Amino acid sequence: MEDPDKKTEVVLLACGSFNPITNMHLRLFELAKDYFHETGKYKVIKGIISPVGDAYKKKGLISANHRVTMAKLATKNSDWVEVDDWESSQSEWLETLKVLRYHHQKLLCPDPTNSLQNAIPLTKPGRKRKQEPNRHDPVKKKNQNPDIKSVPQVKLLCGSDMLESFGIPNLWKLEDITEIVENHGLVCISRAGNSVQKFIYESDILWRHKNNIHLVEEWIANDISSTKIRRALRRGQSIRYLVPDVVQAYIEKNNLYSPESEDRNAGVVLAPLQKHASDSKN
């Protein structure tokens, strides 16, 4: 018999727009959980959905308040997946790495007296990372402190589209990608038609840390996407069984996703592209 105390505990963190949350988003968690449990080496103890803030400036992105509310409605009956609104409540866009660090820090210091205000890993423009508070230092992968050994690993859960976005110029900083795959790890659910392994092979950074990238095959094809949901809604088509019923009801009640909402942020440069392009000039 496997000793459950010897299994590595894992927290799955999914970052993204969730515009809106779909059944596919929820399936990612279930697929990843099955994968880890089938290895016999891991125990998934929690799933976290962290919607991006409005400052991300993605075209068609409706307000974080609506997106967080829909995500909470979608997970209200789950006994292990929850929604965290810390990222979405920030006035500035946050790199995914900072969100990973934040949730790792929460596991290190679950004391409720540690307020979110004191834990925000933001740096002022022009400051270097070394001036961030120590509590947001990169995770030490091989920390020998016995009190920290048992802290669950926070792994980034994503689809193959997010993984392959690592190759888009100025969307991700190379040092962020390195720290994510080296110190935290990725769990990638591959969608039909994506050659994720080839992408990893062609990336020196990902190849170097391929043992910390968990690829999960999605054998039951599911091509639901938020983009297709919004398109159906704009055309007056049904989205039933593509999103949870409570999410559909919320969308209808609040008249979300119209041709006008899809034009929101049109012509605006995506926050990471704007920030990283600006950083490269300085």
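Keep in mind that what you see is a predicted model, and the values were worked out from it rather than measured.

Peer 1: Would you explain the sheet that holds strand 6 (residues 213-217) in this entry?
Peer 2: Paired through their backbone hydrogen bonds, the strands of a sheet run either parallel or antiparallel. If you walk across this open sheet you meet the six strands as 3-2-1-4-5-6, and the pairing is parallel. If you trace the sheet from one side to the other, it starts and ends with strand 3 (81-83) and strand 6, each paired once. Going from strand to strand, the sheet's axes swing by 25° on average, the running direction of each strand aside. Here three bridges tie strand 2 (residues 42-51) to strand 3, and the two strands are oriented parallel to one another. Considered in strand 3, the bridge of Ile48 is made with Glu82. Its contacts with the sheet put helix 2 (residues 64-75) on strand 2 and strand 3, and the angle it makes with strand 3 is roughly 160°. Of the strands in this sheet, strand 1 (8-16), strand 2 and strand 4 (153-159) are in contact with helix 3 (residues 96-108), which crosses strand 4 at around 145°.

Peer 1: Any chance you could explain the packing of helix 3 against helix 6 (residues 174-184) here in plain terms?
Peer 2: Any two packed helices are characterised by how steeply their axes cross, that is the angle between the axes, and by the distance between the axes. Across the interface, helix 3 lies against helix 6 with an axial gap of 10 Å and an inter-helix angle of 30°. The element helix 3 and its partner helix 6 pack so that their crossing is left-handed. Counted together, Leu97, Leu100, Arg101 and His104 of helix 3 and Asp176, Glu179, Ile180 and His184 of helix 6 form the full contact between these two elements. Among the residues forming the contact of helix 3 with helix 6, the class breakdown is three nonpolar, two polar and three charged.

Peer 1: What's the story with helix 3 in this structure? I'm lost.
Peer 2: Because each turn of an α-helix spans 3.6 residues, side chains separated by three or four positions end up pointing in the same direction. The terminal C-alpha atoms of helix 3 lie 19 Å apart, and with 13 residues this matches the ideal 18 Å at 1.5 Å per residue to within 8%. Along helix 3, 10 of the 13 residues are buried, which leaves the element largely enclosed by surrounding structure.

Peer 1: Explain the environment of Ser195 here, please?
Peer 2: Residue placement: Ser195 occurs in the loop between strand 5 (186-190) and helix 7 (196-201). Classification of Ser195 by relative accessible area gives partly exposed; the value is 41%. Sequence separation of Ser195 and Glu164 is 31 residues, and the distance between their C-alpha atoms is 9.3 Å.

Peer 1: For this particular structure, what's the right way to read the pairing of strand 1?
Peer 2: Put simply, side chains in a regular strand alternate between the two faces of the sheet. Relative to strand 2, strand 1 runs parallel, the two being bridged by nine bridges. Counted as the bridge partner of Leu12 is Gly47 from strand 2. Since strand 1 and strand 2 lie parallel, the crossover through helix 1 (residues 23-39) that links them has a hand, and here it is right-handed. Of the pairings in the sheet, the one linking strand 1 to strand 4 comprises four bridges and is parallel in character. Looking across to strand 4, one finds that Val10 is bridged to Gln153.

What counts, and where the lines are drawn
Residues numbered from 1 in each chain as written. Predicted model: local features only at pLDDT ≥ 70, side-chain atom pairs only at ≥ 80, totals over all residues. Heavy atoms only, no water. Pairing = 2+ DSSP bridges. Helix = DSSP H or I, 4+ residues; strand = E, 2+ residues; numbered from the N terminus. Axes fitted to C-alpha atoms, helices over the stretch in contact; angles between N-to-C directions. Contact = heavy atoms within 4.5 Å. Left-handed = near helix turned anticlockwise from the far one by under 90°. Nonpolar A, V, L, I, M, F, W, Y, C, P; charged D, E, K, R; others polar. Expected span 1.5 Å × (residues − 1). Buried < 20%, exposed > 50% of the residue type's maximum accessible area, 1.4 Å probe, protein only. Right-handed = clockwise from strand over helix to strand, strands pointing away.

Interpretation in functional terms is not warranted from these geometric data alone.
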